[in-house]
Amino acid sequence: ELAQLAAQGDELDHVVVESSGISEPLPVAETFTFRDGNGISLGDVAKLDSLVTVVDGATFPDELHVMDDLRSRGWEVSEDDERTVSQLL
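So, here is what we can say about the structure in this document. Predicted model only: the values in this text are computed from it and were never measured. (Residues numbered from 1 in each chain as written. Predicted model: local features only at pLDDT ≥ 70, side-chain atom pairs only at ≥ 80, totals over all residues. Heavy atoms only, no water.)

## Re a nonpolar patch on the surface
Defined as follows: A residue counts toward a patch only above 30% relative accessible area and without a salt bridge, and it is joined to like-charged neighbours within 9 Å or, for Val, Leu, Ile, Met, Phe, Trp and Tyr, to nonpolar neighbours within 5 Å. Each accessible area is a Shrake-Rupley estimate made with a 1.4 Å probe; only the visible protein chains count as cover when residues are assessed. Salt bridges are counted wherever a side-chain nitrogen of Lys or Arg sits within 4 Å of a carboxyl oxygen of Asp or Glu. The secondary structure listing takes helices from DSSP runs of H or I that are at least 4 residues long and strands from runs of E that are at least 2 residues long, numbered from the N terminus. Burial classification: accessible surface area is computed with a 1.4 Å probe over protein chains only, and a residue below 20% of its type maximum counts as buried, one above 50% as exposed, and the rest as partly exposed.
Residues Leu5, Leu12, Val15 and Val17 make up a contiguous nonpolar surface patch of roughly 350 Å² in combined accessible area. The residue Leu12 is located in the loop between helix 1 (2-7) and helix 2 (25-30) in this model. A relative accessible area of 45% places Leu12 in the partly exposed class.

Put into structure tokens, the structure is as follows:
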């Protein structure tokens, strides 16, 4: 969709990409280097300037010290992801 906006010729100064819920920053950043079947990359039309993490200030201290593993919450990245919630944060 961002490539379509860029192709319209309108000058865009900035675009904010929001990913909801628990989101790992690396896969979001990698979307700017991935090339599709036509060899087109999001990085060809846009530059990743910053990644910003927003946390729920009311629950963050409690979550930081919890020892639940990601799998118990359905947040694991892969089958062998053995990290805890606090390691993700």
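## Quick look at the side chain of Thr84
The condition that has to hold: As used in this structure description, the phrase polar contact means that two N or O atoms lie within 3.5 Å; if the pair is within protein, one of them must be able to donate a hydrogen and the other to accept it, and residues adjacent in sequence are counted only when both atoms belong to side chains. The criterion used for residue contact is that any of the two residues' heavy atoms lie within 4.5 Å.
Considering the arrangement of structural elements, one finds Thr84 in the loop between helix 4 (70-73) and helix 5 (85-88). Here the side chain of Thr84 touches Ser86 through a polar contact of 3.1 Å, side chain to side chain. Excluding residues that lie within four positions of it along the chain, Thr84 makes contacts with Met67, Asp68, Asp69 and Leu70.

## A closer look at the pattern of salt bridges
Inspection of every chain in the model, using the stated rule, returns 5 salt bridges. Residue Lys47 pairs with Asp49 through a salt bridge whose shortest N-O separation is 3.9 Å. On the basis of relative accessible area, Asp49 is assigned to the exposed category, the value being 60%. With its nearest N and O atoms 2.8 Å apart, the salt bridge here joins Asp81 to Arg83. Overall, Asp81 belongs to the buried group, its relative accessible area being 8%. On the basis of relative accessible area, Arg83 is assigned to the partly exposed category, the value being 24%. Overlapping salt bridges bring together Glu63, Asp68 and Arg73 as one network.

So far we have only geometry, and geometry alone does not tell us how the molecule works.
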